[in-house]
Amino acid sequence: MVEANGLELTEQEAELYDRQIRLWGLDSQKRLRAARILLCGVNGLGAEIAKNIILSGVKSVTLLDNKNVSEEDFCSQFFTPQSSIDKNRAEASYQRAQNLNPMVEVKVDTEELSAKPNEYFHNFDVVCVTEAATSELVRINETCRAAGVKFFTSDLWGMFGYSFADLQEHNFAEDVYKHKIISKPNEKVKTELVSSTVKRTLNFHPYQCVVDFDLKSAAYLKKVKRSGPALIVLRILQKFRDTEKRDPSYKHREEDLQKLCAIRDELAEGFVPDDAFVHVFAQISPAAAIIGGEVAHEIIKTVSQKEAPHHNLFLFDPEKCCGFIESIGN
């Protein structure tokens, strides 16, 4: 957990973050001010996450990405200028990201994620990974757990997105509201809403629980009829990435749709319609804003230790245009 270690905000910081301090308190803002965040993957989703975290006033944000800017990035990636085609995505994003908040140190790392040793991730308080293969997500999550580092992973395929959090044992403060009777005896009952702060603890499971989750279990398949097959779609898209070493692309649209349907038939035949994959090509800006905002908010809540975090998988279904929480591993 992030510790402020006696950190004091300057007058300039107190003025800039005044609204946030009023919202979640000075101690929470101090924890944010001491937090070091690693963001792996600066696509449209990554840009949204970075924007919100930088504006919140953390100590530093490291943008890790070895990919170059492509035309598809301009559908949702607002950090990269039009002149940055074929330039490294993290380097192209640096200036606009830094301009959001000069009080936050923005760093750039252009090395490939898989080349990073386990010890690299120990230098951060929160690690958020996007665009990674399943084996990398499991590896990074395991090393984060060993070092007590909070782990998030998130992705967006077209308009379908998700986020997963492993906060291990997470302590936080939550405001509880109750009605208190203020009327006198024999008078009409009058109440006022009073709040009290309660300390709580939640235990989280590693990403491996998503990998091992039985999609064919009777309990889950019964639930699919009510909430939809979003978790199955997530597993299909992740397996496509693992197998093809890329995400579905408009350049191979018909071929990729066939491959996605083949993976669907292998994992859970009969529960995902063919047209469920028409929305998974090229990240769309509004969806990136929704998922990116949710992930950034969860990271801010985690670092500030304020409010209950989502436990533990958030899924956004573009068909229903809504998000919902699944507690996996419980």
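Reading guide: rules and limits
Residues numbered from 1 in each chain as written. Predicted model: local features only at pLDDT ≥ 70, side-chain atom pairs only at ≥ 80, totals over all residues. Heavy atoms only, no water. UniProt positions renumbered as here; feature names shortened; annotations may be inferred. Pairing = 2+ DSSP bridges. Helix = DSSP H or I, 4+ residues; strand = E, 2+ residues; numbered from the N terminus. Axes fitted to C-alpha atoms, helices over the stretch in contact; angles between N-to-C directions. Domains from an automatic or database assignment. Contact = heavy atoms within 4.5 Å. Buried area = accessible area lost by both parts, 1.4 Å probe. Nonpolar A, V, L, I, M, F, W, Y, C, P; charged D, E, K, R; others polar. Core = buried A, V, L, I, M, F, W, Y, C linked by side-chain atoms within 4.5 Å. Buried < 20%, exposed > 50% of the residue type's maximum accessible area, 1.4 Å probe, protein only. Salt bridge = Lys/Arg side-chain N within 4 Å of Asp/Glu carboxyl O.

If you check an unreviewed UniProt entry, the protein appears there as SUMO-activating enzyme subunit 1 from Corethrella appendiculata. Note on the protein: under the UniProt heading Pathway (unreviewed entry), the record states "Protein modification; protein sumoylation." Taken directly from UniProt, the Subunit (unreviewed entry) text for the protein runs: "Heterodimer of SAE1 and UBA2/SAE2. The heterodimer corresponds to the two domains that are encoded on a single polypeptide chain in ubiquitin-activating enzyme E1. Interacts with UBE2I."

**Q** Looking at this structure, how should I read the sheet that holds strand β4 (residues 126-129)?
**A** By way of backbone hydrogen bonds, the strands of a sheet pair with one another, either parallel or antiparallel. Here we have eight strands laid out as an open sheet, ordered β3-β2-β1-β4-β5-β6-β9-β10, and mixed in their pairing. Because the sheet does not close on itself, it has two edges, and the strands there are β3 (105-109) and β10 (322-326). Direction aside, the axes of adjacent strands within the sheet are offset by 15 degrees on average. When strand β5 (residues 150-157) meets strand β6 (residues 160-166), the two strands line up antiparallel, connected through seven bridges. Pairing of threonine 153 across the sheet is with phenylalanine 164, part of β6.

**Q** Where do I start with the domain arrangement of the protein in this structure?
**A** How big an interface is tends to be stated in terms of accessible area lost as the parts join. For the protein, the domain assignment lists domain 1 (11-169 + 285-326), domain 2 (170-202) and domain 3 (213-267). Counting from both sides, the interface comprises twelve residues of domain 1 and, opposite them, eight residues of domain 2. Summed over both sides, the interface of domain 1 with domain 2 buries roughly 820 Å², with 58% coming from carbon and sulfur. Area buried by domain 1 at its contact with domain 2 is led by Glu169, Gln305 and Lys306, which between them contribute 46% of it. Classifying every residue of the side of domain 1 that touches domain 2 by side-chain character gives three nonpolar, four polar and five charged.

**Q** What exactly am I supposed to notice about the nonpolar core here?
**A** Across soluble globular proteins, nonpolar side chains have a tendency to be buried as a group. Membership of the largest hydrophobic core comes to 50 residues, with the highest contact counts inside it found for Val127, Val129, Tyr162, Phe277 and Leu315. The leading source of residues in this core is helix α9 (residues 230-244), at eight residues. Structurally, this core is a two-domain feature, drawing no fewer than three residues from each of domain 1 (11-169 + 285-326) and domain 3 (213-267). Non-local contacts of valine 129, meaning those with residues more than four positions away in its chain, are made with Cys40, Leu113, Leu137, Ile140, Phe151, Phe152, Thr153 and Ser154.

**Q** How should the pattern of salt bridges be read in this particular structure?
**A** Side-chain pairing between opposite charges can occur once the charged atoms of the two side chains come close. Considering all chains together, one arrives at 25 salt bridges under this definition. In this structure, glutamate 13 engages arginine 33 in a salt bridge whose closest nitrogen and oxygen atoms are separated by 2.4 Å. One end of the pair, glutamate 13, is in helix α1 (residues 11-16); the other, arginine 33, is in helix α3 (residues 26-33), and 20 residues separate them in sequence. A single burial state applies to glutamate 13 and to arginine 33, both of which are buried. The salt bridge partner of arginine 22 is aspartate 18, with a shortest N-O separation of 2.9 Å. Highlighted residues: arginine 22 and aspartate 18, both in helix α2 (residues 18-24), separated by four residues, approximately one helical turn.

**Q** Explanation requested: the side chain of threonine 143 in the structure shown.
**A** With respect to the helices and strands, threonine 143 occurs in helix α6 (residues 134-147). Other than its neighbours up to four places away in sequence, threonine 143 contacts Asn118, Phe121 and His122.

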